[in-house]
2 protein chains.
Amino acid sequence: MSIDRRAEVVQAAAKSFAMFGYKATTMDQVARIARVAKGTIYTFFDNKEQLFEEIMKDFVQEILQLAENAIDPDKPFAENLHRALIDVLNYRKEHELFSRLTMEMKEIGTAAAGFGISMMEEALLGFVANAVQDAIAKGEIKPCDPKLTAYVLVKLFITLVVDWPALSGEPFKEEDVMRLFELYLLDGISQR
Amino acid sequence: MSIDRRAEVVQAAAKSFAMFGYKATTMDQVARIARVAKGTIYTFFDNKEQLFEEIMKDFVQEILQLAENAIDPDKPFAENLHRALIDVLNYRKEHELFSRLTMEMKEIGTAAAGFGISMMEEALLGFVANAVQDAIAKGEIKPCDPKLTAYVLVKLFITLVVDWPALSGEPFKEEDVMRLFELYLLDGISQR
């Protein structure tokens, strides 16, 4: 019973953050959406910061699960990674909460919103760094710093999937992203 | 005489933007720094937006000149580009105005500051796209979209020279940047 209430409160808070943003969300609002007394919320969470952290933790867990599910150990590194990152980006796009936070972060630079996003990025980076380490061990990619390589990889992906389409007004098809990924990071542009 | 006055006004405005930022700069302040009457400024510029655009135009010209000077047609693409980008980034770092604007842009997202930075980025991208086109023509790099490749290249450079050091707290030495540049973009990480 109390676990259900707690889950309801968290869900209501997620809804409120997604609809009104972090700053405009109040404990009153969360109570109204969850249809519980404000006192009930305080039996679980001291303030909205705690609620927010809880939500981000769940969120990161879901995204990591998604990325892990996309990995097939029998497939080459590039293919696995591509599928995992596409899934994560689509999930991110679909989830209002995330777009909301990204916008809020850009507009007013809320510390909590920034924290949420960097928590997410940390988790994603850790995941990719592990995949890179495995690929090095399997001899699929050259020896390199897994964490830096993961960082470069995620940045390249965001460049191709988010930044360039925003600049040029034309998104790539998934197969183009894959091809460009191979050209720019895996095979290199140098003519030999 | 009038050309000197104009140059003095522009220099004073650049000083004020660098010291106080775009938002806090007023025509009064510029007049005070330039030691001219406010009316004198208005004979050359209608408002601070115009002053700002003038300064950014000069700035972009200087940076492009710098990048062009770094190019030696007898050297390989990677080496030229590396030298050009290092010079540009150092120039950018040294120029207070630029750091000021970047900060202001991040904090309050001033439209004019954003415009200045994107003008700069446009110019840099155009320059790199030309260099890429030349390298394709010379058979140094694979056939590819020069503009997209320039974009990926500049983003990778910023990742290695600005973002990663900010995240990890450790800047790379110049020779490391060169080596990583080769690993990640020119030769690729794929093991063959």
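This report concerns the structure included in the present document.

Calculation rules
- Here the residue numbers are simple positions, counted from 1 along each chain's written sequence.
- Note on labels: chains are lettered from A, ligands numbered from 1, in written order.
- With the structure being a predicted model, the display of local features is reserved for residues of pLDDT at least 70 and the display and counting of side-chain atom pairs for 80 or more, all residues being used for whole-chain, interface and lining totals.
- Processing note: side-chain calculations cover all non-hydrogen atoms of the structure and skip hydrogens and water entirely.
- Exposure is judged per residue with a 1.4 Å probe applied to protein chains only, and the accessible area is read against the type maximum: over 50% gives exposed, under 20% gives buried, and values in between give partly exposed.
- Note on conventions: DSSP H or I runs of at least 4 residues are helices, E runs of at least 2 residues are strands, and numbering of each starts at the N terminus.
- Between 30 and 60 degrees the pair is tilted, below 30 it is stacked and above 60 it is edge-to-face, where a pair is any two Phe, Tyr or Trp rings, Trp via its six-membered ring, whose centres lie within 6.5 Å.
- As used in this structure description, the phrase polar contact means that two N or O atoms lie within 3.5 Å; if the pair is within protein, one of them must be able to donate a hydrogen and the other to accept it, and residues adjacent in sequence are counted only when both atoms belong to side chains.
- Whether two residues are in contact is decided by their heavy atoms: any pair within 4.5 Å suffices.
- We define a nonpolar core as any set of buried Ala, Val, Leu, Ile, Met, Phe, Trp, Tyr and Cys residues linked to one another through side-chain atoms lying within 4.5 Å.
- Only C-alpha atoms enter the line fits that serve as axes; for helices the fit covers just the stretch in contact. Angles between N-to-C directions range over 0 to 180 degrees.
- The cut-offs work like this: below 35 degrees is roughly parallel, past 145 is roughly antiparallel, 65 to 115 is roughly perpendicular, and the gaps in between are oblique.
- By convention the crossing between two helices is left-handed if the near helix lies anticlockwise of the far one by an angle smaller than a right angle, and right-handed if it lies clockwise.
- For this classification, the nonpolar set comprises Ala, Val, Leu, Ile, Met, Phe, Trp, Tyr, Cys and Pro, the charged set comprises Asp, Glu, Lys and Arg, and every other residue, Gly included, is treated as polar.
- One speaks of a salt bridge when a side-chain nitrogen belonging to Lys or Arg is within 4 Å of a carboxyl oxygen belonging to Asp or Glu.
- Residues below a pLDDT of 70 in either copy are left out; the C-alpha atoms of the rest, at least 70 in both, set the least-squares superposition of the copies.

Some points on helix 2 (residues 27-34) of chain B
Within helix 2 of chain B the residues assigned to the buried category are M27, Q29, V30, A31 and A34 of chain B. R35 of chain B occupies a position one or two residues after helix 2 of chain B and carries a positive phi of about 55 degrees.

Overview of the packing of aromatic side chains
Enumeration over the complete set of coordinates arrives at 12 aromatic pairs over all chains. Consider the rings of F17 of chain A and F52 of chain A, whose centres lie 5.3 Å apart with planes at 90 degrees: the pair is edge-to-face. Here F17 of chain A, found in helix 1 (residues 2-24), pairs with F52 of chain A, found in helix 4 (residues 48-69); they are 35 residues apart in sequence, far enough to count as distant. Like F17 of chain A, the residue F52 of chain A is buried in the burial classification. Measuring from ring centre to ring centre gives 5.0 Å for Y22 of chain B and F52 of chain B, while their planes differ by 70 degrees; the resulting arrangement is edge-to-face. With a gap of 30 residues between them, Y22 of chain B in helix 1 (residues 2-24) and F52 of chain B in helix 4 (residues 48-70) connect regions that are remote in the sequence. Side by side, Y22 of chain B and F52 of chain B carry an identical accessibility label, which is buried. An aromatic cluster of at least three residues, connected via ring pairs, comprises F17, Y22 and F52 of chain A.

Observations regarding the side chain of T25 of chain B
Residues and elements named next belong to chain B. Mapped onto the fold, T25 is located in the loop between helix 1 and helix 2. A polar contact is formed between the side chain of T25 and the backbone oxygen of G21, at a distance of 2.7 Å. When sequence neighbours within four positions are dropped, the list of residues in contact with T25 reads S16, F17, F20, V30 and K48.

What to know about the nonpolar core
Within the largest apolar cluster, 137 residues are counted, with the highest numbers of intra-cluster contacts made by F77 of chain A together with F77 of chain B. Sort the elements by how many residues they give to this core and helix 7 (residues 111-137) of chain A lands first, with 12 residues. Beyond its immediate sequence surroundings of up to four residues, F77 of chain B is in contact with I189 of chain A together with A131, V132, A135, E140, I141, L153 and L186 of chain B.

Some remarks on unusual backbone geometry
At R35 of chain A, a position not held by glycine, the phi torsion is positive, near 55 degrees. Relative to the assigned elements, R35 of chain A resides in the loop between helix 2 (27-34) and helix 3 (38-44).

Regarding the packing of helix 5 (residues 77-94) of chain A against helix 9 (residues 174-187) of chain A
All names here are of chain A. Packing of helix 5 against helix 9 brings their axes to within 11 Å, and their N-to-C directions diverge by 125 degrees. Put simply, helix 5 runs oblique to helix 9. In the crossing of helix 5 with helix 9, the sense of the turn from one axis to the other is right-handed. Residues F77, A78, E79, H82, I86 and N90 of helix 5 touch helix 9, and the partners they reach there are E174, V177, M178 and L186. When the residues that make up the contact of helix 5 with helix 9 are grouped by side-chain class, the tally is 6 nonpolar, 2 polar and 2 charged.

Points about the pattern of salt bridges
Residues and elements named next belong to chain B. Enumeration over the complete set of coordinates arrives at 12 salt bridges over all chains. Of the charged contacts, one joins R6 and E54 as a salt bridge, the two residues approaching to 3.1 Å between their closest N and O atoms. Placement of R6 in helix 1 and of E54 in helix 4 is noted, with a sequence separation of 48 residues between them. A residue is classified by how much of its surface remains accessible, and R6, at 30% relative accessible area, is partly exposed. Taking the shortest distance from any N to any O, the salt bridge between D28 and K38 comes out at 3.5 Å.

Some words on the relation of the copies chain A and chain B
Superposing chain A onto chain B takes a rotation of 180 degrees combined with a translation of 0.0 Å along the rotation axis, leaving an RMSD of 0.0 Å. On this basis, the relationship between the two copies can be described by a two-fold rotation axis. Looking at the rotation axis and the C-alpha trace of chain A, the residue lying nearest is G188 of chain A, at 2.0 Å.

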